[in-house]
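Chain by chain, the residues run as shown.
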Amino acid sequence: MKYVISLALGLLASVTALGHAVAAEISEIRIDWATYNPVSLVLKSDGLLEKEFAKDGIKVTWVQSAGSNKALEFLNASSLDFGSTAGAAALIGRINGNPIKSVYVYSRPEWTALVTRKDTGISKVADLKGKSIAVTRGTDPHIFLVRALADAGLSEKDVSLVLLQHADGKLALQRGDVDAWAGLDPLMASAEVENGDRLFYRKPENNTWGVLNVREAFAKEHPQIVSRVIATYEVARKKAVAEPEVLKAALVNATKLPDNVIAKQLERTDLSYSKIGDEQRATIEAAGAALQQAGVIKADVDVKKVAGDLIDPTFGNSLGQ
C-alpha cells in the first residue's frame, strides 16, 4: 500500500512542479463532493487539495452536489469549477449548452436501478405502465429509466413521472406516494438494506461512468491547475482502493448511514479506473444514441461529435493508465 501511495505522490509532485508558474493567476478553486462519488470524500477528508495548493495561496471551497443535475447547474452558473456527474448526464448538459469538459473518471459504478416496494406487485419494467415513478431529471437514474422503458416498448408518456431529488424520491417510495423509484446509491442501498425494497430491474452496463467535469473556460485559462487537481484526485483514488476501511468510514461519516448500507454501495462501485478516454466515450455515445431513439435528444444532434467534444483525456495523460 505504501508503494502505491508513494507512486501517486511522485506523480503529483511532477505535475505540481509544472503548475506553480501559473497558480498565482487564481485565488480559489471551487469543487464539489458527493456521496455518489466516494473518492471525493477521501479527497476532502484528507485535505489533499488544500495541502497541494497551500503553497500557492489558493483557497479550496467545497460544495455538496446532491445529484448530477445539481452539479451541472453549479457548473453552468460558474459557482463550481469542478463537478461530479454521470457521463451521460454530462453529455446531456453539453448538448443543452453547458460548456464543460469531462477530464477524469472517479468510478465505474452500478449506482442506479429501478426500485419498488415489496407490496406493489411490480416485477418487470412492463409493469410500470400507468404507474407513478419518482425520478431526478437529468441524472443517470433518469437516463437509465428512459432506456429501460424504451427496451420494454414504453416511453415517459406511458408512466407518471414525479420529479424529485434523489432523497425525496426514496422517501416518496417509502411513504407509498409513488409506485417505483429510479434509485441512486447510497440511498438505493439504504432502501434495499433498511427498508427491504426490491431492485426489480438492473442493467449494470446502462450505468454510465462517474466523471469529473471542469468548466471549459477554466480549463483553457488554467490547464496546469486542472492537471494538478486530477493528479491530487489520483492520490485519493489510490488511497480509497488501498484502504477500503478508510473509504467506508468516510462514506459513513458523510451519509450518516450504517456500515452494511455503505458496504452494499461499495460492492457495486469499481474504483479501478481513472484516466478518461475511448471506453468512456463509447459508453456515453451509446447512452446518447438510446436517448435519441427514445426522443429525449433531438434527432438533429450529432451525439458522436458532442461526446468527442465532451471527453478530454489530455489533462490526465500523466496518469499512465
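Look a little higher up for the structure.
Only a predicted model underlies this, so the values are computations on that prediction, with no experimental measurement involved. (Residues numbered from 1 in each chain as written. Predicted model: local features only at pLDDT ≥ 70, side-chain atom pairs only at ≥ 80, totals over all residues. Heavy atoms only, no water.)

**Thoughts on the overall build of the protein**
- Each helix and strand in the protein was counted, giving 14 helices and 11 strands.
- Computed over C-alpha atoms, the radius of gyration of the protein comes to 19 Å, within 12% of the 20 Å expected from 2.2 N^0.38 for 321 residues, which places it in the range of a compact globule.
- Residue burial in the protein is summarised as follows: out of 321 residues, 55% are buried.
- Within the protein, contacts between residues separated by at least 24 positions form 80% of all contacts whose residues are at least 6 apart in sequence.
- Carbon and sulfur atoms make up 51% of the accessible area of the protein, which totals about 12,800 Å².
- Distance between charge centres in the protein, computed from 38 positive and 39 negative side chains, equals 1 Å. (Helix = DSSP H or I, 4+ residues; strand = E, 2+ residues; numbered from the N terminus. Rg over C-alpha atoms; globule rule 2.2 N^0.38 Å. Buried < 20%, exposed > 50% of the residue type's maximum accessible area, 1.4 Å probe, protein only. Contact = heavy atoms within 4.5 Å. Areas by Shrake-Rupley, 256 points an atom, 1.4 Å probe, with all protein chains shown as cover. Lys, Arg positive; Asp, Glu negative; His and termini not counted. Charge placed at Lys NZ, Arg CZ, Asp CG, Glu CD.)

**Brief notes about the packing of helix H11 (residues 244-255) against helix H12 (residues 259-267)**
- Where H11 contacts H12, the two axes come as close as 10 Å, and the packing angle between them is 120 degrees. For the element pair H11 / H12, the angle class is oblique. Here the hand of the crossing between H11 and H12 comes out right-handed. Residues Leu247, Lys248, Leu251, Val252 and Thr255 of H11 touch H12, and the partners they reach there are Asp259, Ile262, Ala263, Gln265 and Leu266.
- Taken together, the residues of the contact of H11 with H12 break down into six nonpolar, two polar and two charged. (Axes fitted to C-alpha atoms, helices over the stretch in contact; angles between N-to-C directions. Parallel < 35°, antiparallel > 145°, perpendicular 65-115°, else oblique. Left-handed = near helix turned anticlockwise from the far one by under 90°. Nonpolar A, V, L, I, M, F, W, Y, C, P; charged D, E, K, R; others polar.)

**What to know about helix H14 (residues 303-310)**
- Among the residues of H14, Val303, Val306, Ala307 and Leu310 are the ones counted as buried. For H14, the angular spread of buried residues about the axis comes to 100 degrees, placing them on one side.
- Of the surrounding secondary structure, the elements contacted by the buried residues of H14 are helix H5 (87-95), strand S4 (100-109) and helix H13 (278-293). (Arc of directions from axis to C-beta.)

**Some thoughts on the pattern of salt bridges**
- A complete count under the given rule lists 19 salt bridges for this structure.
- Arg117 is paired through a salt bridge with Asp119; the nearest N and O atoms lie 3.1 Å apart.
- Note on Asp119: relative accessible area 60%, which makes it exposed.
- Between Lys124 and Asp127 there is a salt bridge whose closest N-O contact spans 3.1 Å.
- Overall, the relative accessible area of 46% leaves Lys124 in the partly exposed class. (Salt bridge = Lys/Arg side-chain N within 4 Å of Asp/Glu carboxyl O.)

Remember that the coordinates give geometry; whether it matters functionally is a separate question.
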